[in-house]
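# A closer look at the structure
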Amino acid sequence: MKKIYFIFCLVSLISFSGNTQTLISSDRSYSPNKYIAVDLDQFEQVFFYDYTYLRIPDNPSSEESSLTMLQVGDKYSKFTDYFKSKLDSVKEAHSHLKRLGSKEINEQLSYKKKIGFKPSVINDFNESKFIIQARIPSNDYEYTIDEPELQWELTSSFKSILSYRVQKATVNYAGRNWVAWFTESIPINKGPYIFGDLPGLILELYDQGENFHFVISGINGSAGSIYKRNEEKILKISEKEYLRLNKSFHKKPGVFIKSPSNFKSDLEELPYNPIELDK
């Protein structure tokens, strides 16, 4: 397992650096990792958002993209990367196999490389909290935060998105000024990431400078489960500690890689452009 674990760590770094070409070729096989998830709620619709982001702050040439999705139930909602969800499905299927070969590993890596929005963000309506799960090589983490009290300012600006009439609202959150376009035609007070508490669904969201930009691209009426990964290896820590580790990882990524002894952990510093600046 040591070698395959090292491969996954390297692919995590590759996804940060923007390289999307690496696959493995090997005749060796590996034991599958354990997969455990708990169903929290059911959803009847999925809202898909095209997601673009800048790896380097305010540098348009560093733009990358992915697809994210919002699932909303009666007690929970979940915002995550579409390819993260696909990766979880593949991992669950592979967890039932006796051994994994290069075919299965490459299938996982093909989804892993496409993930743009890193955390899975689960909103617990009853507790007014967000459960956030994210990975920093070489561990998975979970932390909980209270729902922020967003002081939205509604404007008199309107436009159309996917034939919906949307209204502009602005807010400052965690060091960035955000613009949201929401529609009262969809009476769901949610949106991308932790943003919500408007009189309808947020269809477009971006910060000043557009380091992060979400815009709805489709609505799917299929139902399913809102789940949370629940393996024992997921380390529960504070938000402050997670943010400290994430910043340290970008500063000195090699320190976080559990690698074979012949691998030098002197990897270069990675671009750091957090969605929240002053946390």
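What you see is a predicted model, and the numbers here were worked out from it, not measured in a lab.

## Here we look at unusual backbone geometry
Between Pro137 and the following residue, Ser138, the backbone shows a cis peptide bond with an omega angle of 15°. With respect to the secondary-structure elements, Ser138 resides in the loop between β6 (129–136) and β7 (139–146).

## A few points about the sheet that holds strand β8 (residues 153–161)
With mixed pairing, 12 strands are arranged side by side in an open sheet as β8-β9-β10-β11-β12-β2-β3-β4-β5-β6-β7-β14. Each edge of the sheet is formed by a strand with only one pairing partner; in this case those strands are β8 and β14 (235–236). Inspection of the sheet shows strand β3 (residues 63–72) paired to strand β4 (residues 76–81) by 5 bridges, in the antiparallel sense. Bridged to Thr68 within β4 is Asp81.

## Observations concerning the side chain of Asn273
Its place among the elements puts Asn273 in the segment after α4 (239–251). The class for Asn273 is buried, based on a relative accessible area of 12%. Separated by 2.8 Å, the side chain of Asn273 and the backbone oxygen of Leu54 make a polar contact. Setting aside residues up to four positions removed in sequence, Asn273 forms contacts with Leu54, Arg55, Ile56, Pro57, Arg176, Asn211 and Phe212.

## Overview of the environment of Asp81
By secondary structure assignment, the location of Asp81 is in strand β4. It is 9.9 Å that separates the C-alpha atoms of Asp81 and Asp50, two residues lying 31 residues apart in sequence. Among all residues touching Asp81, those that are not within four sequence positions of it are Ser66, Leu67, Thr68, Lys114, Ile115, Gly116 and Phe117. From its side chain, Asp81 meets the backbone nitrogen of Gly116 in a polar contact 2.9 Å long. Looking at Asp81, its side chain comes within polar contact range of the main-chain nitrogen of Phe117, at 2.9 Å.

What counts as what
- Residues numbered from 1 in each chain as written.
- Predicted model: local features only at pLDDT ≥ 70, side-chain atom pairs only at ≥ 80, totals over all residues.
- Heavy atoms only, no water.
- Helix = DSSP H or I, 4+ residues; strand = E, 2+ residues; numbered from the N terminus.
- Pairing = 2+ DSSP bridges.
- Buried < 20%, exposed > 50% of the residue type's maximum accessible area, 1.4 Å probe, protein only.
- Polar contact = N/O pair within 3.5 Å; in protein donor to acceptor, adjacent residues only side chain to side chain.
- Contact = heavy atoms within 4.5 Å.

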